[in-house]
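Geometric and topological summary
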Amino acid sequence: MTQTTPDAPVRRQRAQVKVRTLRTDRWWLVPLLTFLGLSSFLVYGIWAIIDNSYFVDPYIAPFASPCLATSCPEGARLFGWAPFGDWYALPPGLLILGLPGGFRLTCYYYRKSYYRSFWLSPPACAVQEPHGKYTGERRFPLILQNIHRYFFYAAIVIGLILAYDAVLALVHKPTGLGTWILVVNAVLINAYTLSCHSCRHITAGRLNHFSRHPLRYRAWTFVSKLNAKHQPLAWASMFSVMGADLYVRLVAKGIIAFPYA
Ligand code: FES
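One numbering rule holds for all chains: residues counted from 1, following each sequence as written. A pLDDT threshold of at least 70 governs which residues receive local features in this predicted model, and a stricter bar of 80 or more applies before side-chain atom pairs are shown or counted, although totals over entire chains, interfaces and linings include all residues. Side-chain figures throughout are based on the complete set of non-hydrogen atoms in the structure, without hydrogens or water.

So, the overall build of the chain
The condition is simple: In DSSP terms, a helix is any run of H or I states spanning at least four residues, a strand is any run of E spanning at least two, and both are numbered starting from the N terminus. We compute the radius of gyration from the C-alpha atoms alone; for a globule the expected value is 2.2 Å times N to the 0.38, where N is the number of residues. With a 1.4 Å probe rolled over the protein chains alone, any residue whose accessible area is under 20% of its type maximum counts as buried; one over 50% counts as exposed, and the rest are partly exposed. Two residues form a contact once any of their heavy atoms are found within 4.5 Å. The protein chains shown are the only cover counted for residues, whose accessible areas, like all others here, come from Shrake-Rupley with a 1.4 Å probe.
Check the secondary structure of the chain and you find nine helices and two strands. Along the chain direction, N to C, the helices and strands of the chain fall in the order α-β-β-α-α-α-α-α-α-α-α. In terms of overall dimensions, the chain is more spread out than a globule: its C-alpha atoms have a radius of gyration of 24 Å, far above the 18 Å expected for 261 residues. Scored against the burial criterion, the 261 residues of the chain give a buried share of 40%. Taking the intrachain contacts of the chain between residues at least 6 apart in sequence as the baseline, contacts between residues at least 24 apart amount to 68%. For the chain, the exposed surface amounts to about 16400 Å²; the carbon and sulfur share of it is 64%.

Structure representation (structure tokens):
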């Protein structure tokens, strides 16, 4: 029979905290700013889809590129193609935005940010969430987040097309402000895409011996450095693509005059 003494270890129980959180810092600030930032991107994206001023030679708004419908103005079509024809007369942006949109929607970083800021699941560390249970991403519909790696391949193509648009602007209007806005945007979009966790896995995720695959090791090292900056790149590229898109539309509408554009 065991004897208890005053010095015997006490069995510890989980703290019964009745309040929502014991944190005294402004823990709500990051989810709030995230909510505002992502909401502004969503609202802008919806407006950009229905706005028709997306091309002014040699600039094309990133949200409408590639322009692949016969309704696209002359010079806006990628290599002159129009594989979508005038499919249901949908706005050109609507035909392709599902790919970069899906890439961001299923991104590991964005998932964390909108789970916290929109679903409050949880809103911050050490803060109670309003949901009664947590089922993770193992069931429908959140299990569909696993298609992220396939969106990555589409995002690579979109990133290359935006780089091509920037090069075209550079060739035809090297001193234009819009040209350099498109160049910076293309760099940030491609840096964000290459910093993707799926990209890091593709470069060397399954290798057992880096020494036998020196090229893949170098690619993995490069992508790993970008990957460490994935969160800031997600925000920088999001604002750059919105800014570049808005800039081209303002020039196309004549709100910004061309000699300086
Ligand atoms: Fe963020 Fe792939 S994890 S883009």
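Describing the pattern of salt bridges
Just so we agree on the cut-off: The working definition used for a salt bridge is a side-chain nitrogen of Lys or Arg within 4 Å of a carboxyl oxygen of Asp or Glu.
The final tally for this structure, using the stated rule, is five salt bridges. Between Glu137 and Arg111 there is a salt bridge, and its shortest N-O distance comes to 2.9 Å. Taken together, the residues span a long stretch of sequence, with Glu137 in the loop between α4 (108-117) and α5 (148-172) and Arg111 in helix α4 at a distance of 26 residues. Residue Glu137 is classed as partly exposed on the basis of its relative accessible area, which comes to 27%. Arg111 gets classed as buried once you look at its relative accessible area, which sits at 9%. Salt-bridge contacts for Asp245 lead to Arg249; the nearest nitrogen and oxygen are separated by 2.5 Å. With Asp245 and Arg249 both in helix α9 (residues 230-252) and four residues apart, the pair spans about one turn of that helix. Take Asp245 and Arg249: they sit in the same class, and that class is buried.

Points about the packing of aromatic side chains
We apply this condition: For Phe, Tyr and Trp, rings pair up if their centres lie within 6.5 Å, where Trp contributes its six-membered ring, and each pair is then called stacked (planes under 30 degrees apart), edge-to-face (over 60) or tilted (otherwise).
Counted under the stated rule, the structure contains 17 aromatic pairs. Pairing Phe210 with Tyr217 gives two aromatic rings, centres 4.8 Å apart and planes at 45 degrees, and the pair type is tilted. Residue classification places Phe210 among the partly exposed positions, given a relative accessible area of 31%. A residue is classified by how much of its surface remains accessible, and Tyr217, at 36% relative accessible area, is partly exposed. Judged by centre distance (6.2 Å) and plane angle (25 degrees), the rings of Tyr217 and Trp220 are stacked. With Tyr217 and Trp220 both in helix α8 (residues 214-227) and three residues apart, the pair spans about one turn of that helix. Among the aromatic residues, those joined into a cluster by ring pairs are Phe103, Tyr109, Tyr110, Phe152, Tyr153 and Tyr192.

Description of the UniProt feature "transmembrane region" (unreviewed entry) in the chain
Here is the rule: UniProt positions are given in the numbering used here, feature names are shortened, and annotations may be inferred rather than shown by experiment.
As annotated by UniProt and renumbered to match this structure, "transmembrane region" (unreviewed entry) occupies residues 27-50, 87-110, 150-171 and 177-196. Across residues 27-50, the secondary structure splits into 92% helix and 0% strand, with the terminal C-alpha atoms separated by 37 Å. Between the end C-alpha atoms of residues 150-171 the distance is 33 Å, and the span holds 100% helix and 0% strand.

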